[in-house]
Amino acid sequence: MTDATRTAQLIRARAGEEPVRLGLILGSGLGHLAHAVEGVAIPYGELPGFPDARVSGHNPNLHIGMLEGVRVAVFGAREHYYENGNASAMRPALEVLRELGAVELILTNAAGSLRPDIRPGDLMLLSDHINQSGLNPLIGEKTDARFVPMTEAHSPRLRAALQAAAEAEGIALPEGVYAWYSGPSFETPAEIRMIRLLGGDAVGMSTVPEVILARFLGLEVAAISTVTNMAAGLSDEKISHEHTKAMAPLGAAKLERILRRYLRALG
Ligand code: HPA
């Protein structure tokens with residue numbers, strides 16, 4: 001039996017046997033949605049392989065249960081590469097998600113925008129990403145499954161469904177390319193000018209390793225950024241973690257409406 005199978009068994013014993021349809025990883029400022037899940041919340045600390053609760057943020061709980069009529073697994077926090085230098089930190093948790101029966105994963109994050117038409121408080125659906133970190137969560141994986149195609153990593157089907165949900169809610173959901181920088185320091189203005197030349201529309205410190213892992217595990221993936229600031233050098237505003245945390249809730253309410261609408265359409 002694998003570690004993921006054992007952890008999934010432990011979860012089923014607490015949350016019930018019914019398979020999970022979808023996983024949702026919540027970024028900064030989106031914690032509220034986790035608490036809306038009707039079911040159980042299990043602290044990461046009680047789940048072997050899950051990120052270390054001390055470093056991974058404010059709500060390190062796995063919430064399993066119903067949300068808008070769909071059985072979901074909501075991850076209240078993630079471990080970032082910059083916390084421990086481990087690009088595959090989320091692999092065990094995503095393996096467990098698949099064991100629980102999930103077929104799709106929706107990721108959310110806070111990001112800086114490089115596009116004048118995408119402002120703080122706006123959302124951006126990832127059409128694709130640039131792995132600007134040079135890291136990969138599959139380094140060390142020994143099977144040929146490591147050669148994951150990334151051509152349609154951000155699922156066209158899932159993106160269309162999220163766009164339909166956004167439209168039904170009357171919320172603008174521009175699409176763009178997200179560039180992953182490892183952090184934890186923010187980017188320099190020169191780096192942001194480079195990313196712009198390379199075709200990036202937003203920049204952030206998460207999500208990309210999880211997209212790679214999810215595709216490796218055969219999950220269908222989509223990701224949405226909440227824009228908390230204009231990227232370095234693009235506005236007079238000082239960029240800081242405090243600012244990110246303060247601004248994330250601006251987009252969170254819209255993101256929650258889109259996700260709820262999407263789930264209702266599924267359920
Ligand atoms: N850069 C990187 N990560 C971020 C930013 C940013 O400007 N804003 C929120 N997360």
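Use the structure listed above.
No experiment lies behind these values; they were computed from the predicted model shown. (Residues numbered from 1 in each chain as written. Predicted model: local features only at pLDDT ≥ 70, side-chain atom pairs only at ≥ 80, totals over all residues. Heavy atoms only, no water.)

**Section: the pattern of salt bridges**
- According to the stated counting rule, one finds 19 salt bridges in the structure shown.
- The residue Glu-141 makes a salt bridge to Arg-91 at a minimum N-O spacing of 2.9 Å. Residue Glu-141 is found in the loop between strand S6 (123–131) and helix H5 (156–169), and its partner Arg-91 is found in helix H4 (residues 91–99); the two are separated by 50 residues along the sequence. The exposure classification of Glu-141 matches that of Arg-91, with both residues buried.
- A salt bridge links Arg-157 to Glu-220; the shortest N-O distance between them is 2.9 Å. With Arg-157 in helix H5 and Glu-220 in strand S9 (residues 220–230), this residue pair connects regions lying 63 residues apart in the sequence.
- Judged by relative accessible area, which is 43%, Arg-157 ranks as partly exposed. (Salt bridge = Lys/Arg side-chain N within 4 Å of Asp/Glu carboxyl O. Helix = DSSP H or I, 4+ residues; strand = E, 2+ residues; numbered from the N terminus. Buried < 20%, exposed > 50% of the residue type's maximum accessible area, 1.4 Å probe, protein only.)

**Quick look at the nonpolar core**
- Formed by 45 residues in total, the largest nonpolar core has its most connected members in Ile-11, Leu-62, Phe-75 and Leu-97.
- The greatest single-element share of this core, amounting to six residues, is contributed by helix H7 (residues 208–216).
- Each residue touching Leu-97, except ones within four places of it in the same chain, is listed here: Val-20, Gly-23, Ala-73, Phe-75, Ala-102, Leu-105 and Leu-219.
- Counting 29 residues, the second-largest nonpolar core is a separate cluster that includes Leu-30, Leu-67, Leu-125 and Leu-158. (Core = buried A, V, L, I, M, F, W, Y, C linked by side-chain atoms within 4.5 Å. Contact = heavy atoms within 4.5 Å.)

**Describing the packing of H5 against helix H8 (residues 241–266)**
- Put simply, H5 and H8 touch, their axes get as near as 8 Å, and they point 110° apart. As judged from the angle between their axes, H5 and H8 are roughly perpendicular. Crossing of H5 over H8 shows right-handed handedness. Residues Arg-157, Leu-158, Ala-161, Leu-162, Ala-165, Ala-166, Ala-168 and Glu-169 of H5 form the contact with H8, whose participating residues are Arg-257, Ile-258, Leu-259, Arg-261, Tyr-262 and Arg-264.
- Taken together, the residues of the contact of H5 with H8 sort by class into nine nonpolar, no polar and five charged. (Axes fitted to C-alpha atoms, helices over the stretch in contact; angles between N-to-C directions. Parallel < 35°, antiparallel > 145°, perpendicular 65-115°, else oblique. Left-handed = near helix turned anticlockwise from the far one by under 90°. Nonpolar A, V, L, I, M, F, W, Y, C, P; charged D, E, K, R; others polar.)

**Some thoughts on the site of the ligand**
- By nearness alone, every residue bordering the ligand is listed as Ala-110, Ala-111, Gly-112, Phe-186, Glu-187, Val-203, Gly-204, Met-205, Thr-228, Asn-229 and Thr-244.
- Here Thr-228 contributes a side-chain N or O atom positioned 3.4 Å from a nitrogen atom of the ligand.
- The contact in question runs from a nitrogen atom of the ligand to an N or O atom on the side chain of Asn-229, over 2.7 Å.
- Considering the ligand on its own, with 260 Å² of exposed area, one finds that the protein chains cover 96% of that surface.
- Listed by contribution, the elements that provide at least two residues to the shell around the ligand are strand S5 (104–113), strand S8 (202–204) and S9. (Near = heavy atom within 4 Å. Polar contact = N/O pair within 3.5 Å; in protein donor to acceptor, adjacent residues only side chain to side chain. Areas by Shrake-Rupley, 256 points an atom, 1.4 Å probe, with all protein chains shown as cover.)

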